[in-house]
Amino acid sequence: MKTVLIGVGQAGGKVTSSLVEFDHDMGFNAIRGALAVNSAKADLQPLSIDTVLVGQDRVKGHGVGGDNELGAEVMQADAGEVMAALDGRITAEAEAIVVVAGLGGGTGSGGAPVLAKELNRVYEMPVYAIGILPGRGEGAMYQVNAGRSLKTLVREADATILVDNDAWHSSGESLEEGFDSINDSIARRIGLLFASGENVEGVGESVVDTSEVINTLRSGGVAALGYASAKADDDPDTNINVVTSVTRNALLTGTSLPNATKADSALLVVAGKPERISRKGVERARKWVEEETGSMQVRGGDFPLDSERLAALVLLGGVERSTRMEEFMRRAKEAREETKRQASEREDTDKLFQNDDLDSLI
Ligand SMILES: Nc1nc2c(ncn2[C@@H]2O[C@H](COP(=O)(O)OP(=O)(O)OP(=O)(O)O)[C@@H](O)[C@H]2O)c(=O)[nH]1
């Protein structure tokens, strides 16, 4: 899928850079343009892609400090500038535009839905989002921001692939220490998805096509991506179990949104040396994905890749009714109520100290 990426906010910019790097290192050439947008100048400086600073008149290049309403306002005010920077980068060959953002902060959380809406208004091709959900251990503000942003983002983007920051995080390191490795994991998995259907002309009819990715995401709403790989044998017959077990692992333990298996649609991409991919294995794996997701729309295809391993990528469309989504929305709601309660207590305390009776005591 020939893609143009726009990273919004700090996480959005870093993940976009990682994706560009991966696509370049692998020689896929699926990413045809990239831009990072932020209200914090310091977060844009280390990036190796083109950048646009927004909200300079409001926040003077210092970021919006987690205020996602302000994030939305600065993006709205400077949308013209961002769209102008994209002019010429989004050419007719692009098959999708993808907005990438961390949903827990301010600029990405508030700005990504505004930008997705604007892009959808102007461009014909689908506008997808990659939204990064805060991990369980992140504070209430992050959860509230993400809950609020997610609702708008899902409405404005044609589909939103969610990545939970707890999902691809190695144990033993803090979330922050782990950002670089999480970003690499995101880049490897989502980068492979973008590259599915690219550079594989004439390799056989079972090869996956970009239209399969687009059709899987057509139901809109929330999407998730699973990935797993294992060493493969030279003989495809020995790889029947390799294909079925990487598929199971991709969906059950390797997904970007843990516990999201019920889906409206799915796509199973098996990557590896074509002569090693067991057709029987793929058939069984696809049936299993149908049963597990409860979807009658399970597409599939191969991704020829020169590797000693076989990998499964499972893209799920329409997972918003999954246990994980319900759990997240509940967490965001509880955090919002807790924040409101604290604010009203603060107000009461303020009132108490403004009280004449107290003043007269001093
Ligand atoms: N995966 C990943 N998540 C990140 C990274 N940096 C920050 N986050 C997450 O993103 C959320 C914060 O969003 P940021 O992108 O830092 O914030 P911002 O959009 O720049 O907004 P402001 O800083 O408020 O202007 C938190 O939930 C973090 O856990 C990163 O490099 N990788």
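Residues numbered from 1 in each chain as written. Predicted model: local features only at pLDDT ≥ 70, side-chain atom pairs only at ≥ 80, totals over all residues. Heavy atoms only, no water.

J.: Explain the overall build of the protein here, please?
T.: Summing up its helical and strand segments, the protein has 13 helices and 10 strands in all. Relative to the 2.2 N^0.38 estimate, which gives 21 Å for 362 residues, the radius of gyration of the protein is 22 Å and therefore close to what a compact globule would have. With respect to the principal axes defined by its C-alpha atoms, the protein has extents near 90 × 40 × 35 Å. Counting only residues that meet the buried cut, the protein has 55% of its 362 residues in that class. At a minimum sequence separation of 6, the contacts of the protein that also span at least 24 residues come to 80%. As presented, the protein carries roughly 16300 Å² of accessible surface, and 47% of it is formed by carbon and sulfur atoms. (Helix = DSSP H or I, 4+ residues; strand = E, 2+ residues; numbered from the N terminus. Rg over C-alpha atoms; globule rule 2.2 N^0.38 Å. Buried < 20%, exposed > 50% of the residue type's maximum accessible area, 1.4 Å probe, protein only. Contact = heavy atoms within 4.5 Å. Areas by Shrake-Rupley, 256 points an atom, 1.4 Å probe, with all protein chains shown as cover.)

J.: What's the story with the domain arrangement of the protein in this structure? I'm lost.
T.: Accessible area lost upon the coming together of the parts is a frequently used measure of interface size. Along its sequence, the protein is organised into domain 1 (3-195) and domain 2 (224-317). One C-alpha centre belongs to domain 1, the other to domain 2; they are set 27 Å apart. Across the contact, 13 residues belong to domain 1 and 12 residues belong to domain 2. Between domain 1 and domain 2, roughly 1200 Å² of surface is buried when both sides are summed, and carbon and sulfur atoms account for 79% of that area. Three residues stand out in domain 1 for area buried against domain 2, namely Arg189, Leu192 and Leu193, and they jointly supply 42% of the buried area on that side. Taken together, the connections running from domain 1 to domain 2 amount to 3 residue pairs in polar contact (both at pLDDT 80 or more). (Domains from an automatic or database assignment. Buried area = accessible area lost by both parts, 1.4 Å probe. Polar contact = N/O pair within 3.5 Å; in protein donor to acceptor, adjacent residues only side chain to side chain.)

J.: Would you explain unusual backbone geometry in this entry?
T.: Excluding glycine, a negative phi dihedral is what most residues carry, and trans is how most peptide bonds are arranged. Although it is not a glycine, Lys60 sits at a positive phi angle of roughly 55°. With respect to the helices and strands, the residue Lys60 is situated in the loop between helix 3 (56-59) and helix 4 (68-77). Unusually for a residue other than glycine, Asn259 sits at a positive phi of about 65°. Its location among the elements puts Asn259 in the loop between helix 10 (240-252) and strand 8 (265-272).

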